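Secondary and tertiary structure notes
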Amino acid sequence: DPDTKTEVVLLACGSFNPITNMHLRLFELAKDYFHETGKYKVIKGIISPVGDAYKKKGLISANHRVTMAKLATKNSDWVEVDDWESCQSEWLETLKVLRYHHQKLLSADVTNNLQDAVPITKLGRKRKQEPNRHEPVKKKNQSPVVKSVPQVKLLCGSDMLESFGVPNLWKLEDITEIVEKHGLVCISRAGNNVQKFIYESDILWRHKNNIHLVEEWITNDISSTKIRRALRRGQSIRYLVPDVVRAYIERNRLYSAESEDRNAGLVLAPLQKHTSDPRSSQAL
C-alpha cells in the first residue's frame, strides 16, 4: 500500500566541482535501496552545491557548478538542483541546509492541506443540478489518511561519513541532530569499512537504525578530483561526466592549473569556524 510508505527526499550536499556520473549514480543506488525495503518511497532527490565561502582549494565559482549540475539533471524526472545554499554569502553547516529543506517541505505540506480544504462552492452548485451524481458515501469512523511530511535524508559517500571523525570539521551536536532527526544514507564501496567506523563512534552507534548503508557492487571510482586532474593534463573525461557537462567545461575552459590553486593556503570555512569551538567533533 503506497499510502503507508514513508516518503523520502534525498539531499546531497557537496562541492560538485564538477558534478560527475558518480554523483548521479548515488541517487539511483539510494532510491533502489529504499524501494527494495518496501517501507519507503523516494519522491525527490536534491543536489545542493556548496557556496563559494566554503573556501575549498580548487573550488570554482558556484554559478558554474550549479549550472553544470542543472545540465546534468535536466533529463532526470526526480533529481533536481537547488541553489539556495550556494547563494548564501556565508558558508552554511550541512545541518542548516537539511533544516531548510525540511522546513520547505513542512510549509508546502500546510499549503497543500489548505488548498484541499477550501470548499469549491460554484462547482458544488452546478453538481447538484446534474442527475445521477452520487457522492461517495463515507463509512463510519473513517478517518482521512493524514500523510506525514517526507523525511529529508542526507545522501553521502563513505568519505563524507568518515569525515565526521576529522577534528573540528563537524560540530558534535550537528552530527547528532543529522543522524537523530533526519537520517543518513551512505553509499559505500563493497568491502569499505563504514560499519567499523559506525561501531567505533558512540553517537553513530546509538542512531545506527537511522543510518542506511547501501553497498555499491558495481564499483565506480570517478571523483571530481580525478576529473580535474585529467582536465589539467588535457586528457579526455568523456563517459565520466554527462556529455552536456563536458561540453560546458570545454566551452568555458573551466579547469586549469590556475583554478586548482584557487583558495590555496586558505583554511576551510568549517575548520575556521569550529576550531575555537570546544563542542567540535573531536569527541566522536
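Just so it is clear, the structure is predicted and the values come from calculations on it, not from any experiment.

1. Focus: the overall build of the protein
- A count of helical and extended segments in the protein gives 13 helices and six strands.
- Burial statistics for the protein: of 284 residues in total, 45% are counted as buried.
- Element-wise, carbon and sulfur atoms account for 50% of the exposed surface of the protein, whose accessible area totals about 16,700 Å².

2. A look at the nonpolar core
- Counting 38 residues, the largest nonpolar core has Leu10, Ile19, Phe27, Ile47, Met68, Leu155 and Ile249 as the members making the most contacts within it.
- Put simply, the parts of the chain that give this core at least two residues each are β1 (6-14), α1 (21-37), β2 (40-49), α2 (62-72), β3 (79-81), β5 (184-189), α10 (224-232) and α11 (243-252).
- Per element, the largest residue contribution to this core is seven residues, and it comes from α1.
- Not counting the four nearest positions on each side in its chain, isoleucine 249 is found in contact with Pro18, Met68, Leu231, Ile237, Leu254 and Tyr255.
- Leu59, Met160, Ile198 and Leu268 belong to the second-largest nonpolar core, a separate cluster that totals 36 residues.

3. Quick word on helix α7 (residues 172-182)
- Most of α7 is tucked away: eight of the 11 residues are buried.
- Among all positions of α7, only Leu172, Asp174, Ile175, Thr176, Glu177, Ile178, Val179 and His182 are buried.
- Remark: glycine 183 follows α7 within two positions and exhibits a positive phi of approximately 115°.

4. A look at α11
- Three or more residues of α11 are buried, namely Val245, Arg246, Tyr248 and Ile249. Relative to the axis of α11, the buried residues are bounded by an arc of 160° and lie together on one face. Every exposed residue of α11 that faces more than 90 degrees away from the buried side is listed here: Glu250 and Arg251.
- Next to the buried residues of α11 lie α2 and α10.

5. A look at the packing of α2 against α11
- The geometry of α2 relative to α11 is characterised by a closest axis approach of 8 Å and an angle of 150° between their N-to-C directions. It follows from the interaxial angle that α2 and α11 lie roughly antiparallel. Facing His64, Thr67, Met68, Leu71 and Ala72 of α2, the residues of α11 in contact are Val244, Val245, Tyr248, Ile249 and Asn252.
- Of the residues in the contact of α2 with α11, the class split is seven nonpolar, three polar and no charged.

6. Notes on the side chain of asparagine 220
- If you trace the backbone, asparagine 220 turns up in the loop between β6 (211-216) and α10.
- Polar side-chain contacts of asparagine 220 include one of 3.0 Å to the backbone nitrogen of isoleucine 222.
- For asparagine 220, the contacting residues outside a window of four places in its chain are Met22, Arg25 and Arg189.

7. Concerning the sheet that holds β3
- If you walk across this open sheet you meet the six strands as β3-β2-β1-β4-β5-β6, and the pairing is parallel. Since the sheet does not close on itself, it has two edges, and those belong to β3 and β6, each with one partner. Across the sheet, the mean angle from the axis of one strand to that of its neighbour is 25°, orientation sign disregarded.
- α7 rests against β4 (151-157), β5 and β6 of the sheet, and its axis sits at about 125° to β4.

8. Comments concerning the pattern of salt bridges
- Inspection of the entire model under this criterion finds 17 salt bridges.
- Notably, a salt bridge pairs lysine 273 with glutamate 93, separated by 3.4 Å at the nearest N-O pair. Note that lysine 273 is positioned in helix α13 (residues 269-274) and glutamate 93 in the loop between α3 (84-87) and α4 (94-117), a separation of 180 residues in sequence.
- A relative accessible area of 36% places lysine 273 in the partly exposed class.
- Between arginine 99 and glutamate 177 there is a salt bridge; the shortest N-O distance is 2.8 Å. Of this pair, arginine 99 sits in helix α4 while glutamate 177 sits in helix α7, and the two are 78 residues apart along the sequence.
- Each of Glu93, Lys96, Lys171 and Lys273 takes part in one network of salt bridges that share partners.

9. Description of the environment of glycine 165
- Take glycine 165: it is sitting in the loop between α6 (158-162) and α7.
- The exposure class of glycine 165 is partly exposed, given its relative accessible area of 38%.
- With 32 residues separating them in the primary sequence, glycine 165 and phenylalanine 197 have C-alpha atoms 8.8 Å apart.

10. Here we look at unusual backbone geometry
- The omega torsion of the bond from asparagine 17 to proline 18 falls at 0°, within 30 degrees of zero and hence cis.
- Although it is not a glycine, phenylalanine 16 sits at a positive phi angle of roughly 50°.
- Turning to its location among the elements, phenylalanine 16 is positioned in the loop between β1 and α1.
- A positive phi angle is found at lysine 55, which is not glycine, with a value near 65°.
- Inspection of the secondary structure puts lysine 55 in the loop between β2 and α2.

Basis of the calculations
- One numbering rule holds for all chains: residues counted from 1, following each sequence as written.
- Where totals are concerned, whole chains, interfaces and linings use all residues; where local detail is concerned, this predicted model gives features only for residues with pLDDT of at least 70, and gives and counts side-chain atom pairs only at 80 or more.
- Based on all heavy atoms of the structure, the side-chain values leave hydrogens and waters out of the count.
- Each helix is a run of H or I in the DSSP string that is no shorter than four residues. Each strand is a run of E no shorter than two, and both are numbered from the N terminus.
- A 1.4 Å probe rolled over the protein chains alone gives each residue an accessible area, and that area as a share of the maximum for its type sets the label: buried under 20%, exposed over 50%, partly exposed in between.
- Per-residue accessibility takes into account occlusion by the displayed protein chains alone, with areas from the Shrake-Rupley method and a 1.4 Å probe.
- Put simply, a nonpolar core is a bunch of buried Ala, Val, Leu, Ile, Met, Phe, Trp, Tyr and Cys residues held in one set by side-chain atoms that sit within 4.5 Å of each other.
- It only takes one pair of heavy atoms within 4.5 Å for two residues to be counted as in contact.
- Starting at the helix axis, one direction is taken to each C-beta atom, and the arc is that of these directions.
- Here, axes are lines fitted to C-alpha atoms. For helices the fit covers the stretch in contact, and angles between N-to-C directions go from 0 to 180 degrees.
- Small angles under 35 degrees read as roughly parallel and large ones over 145 as roughly antiparallel, with 65 to 115 read as roughly perpendicular and the rest as oblique.
- Residue polarity is assigned by list, with Asp, Glu, Lys and Arg as charged and Ala, Val, Leu, Ile, Met, Phe, Trp, Tyr, Cys and Pro as nonpolar; anything else, Gly included, falls into the polar class.
- Two N or O atoms count as a polar contact when they lie within 3.5 Å, although within protein this holds only if one can serve as hydrogen donor and the other as acceptor, and sequence-adjacent residues are included solely when both atoms are side-chain atoms.
- At least two bridges found by DSSP between two strands are what make those strands a pair.
- Here, a salt bridge means any Lys or Arg side-chain nitrogen found within 4 Å of an Asp or Glu carboxyl oxygen.

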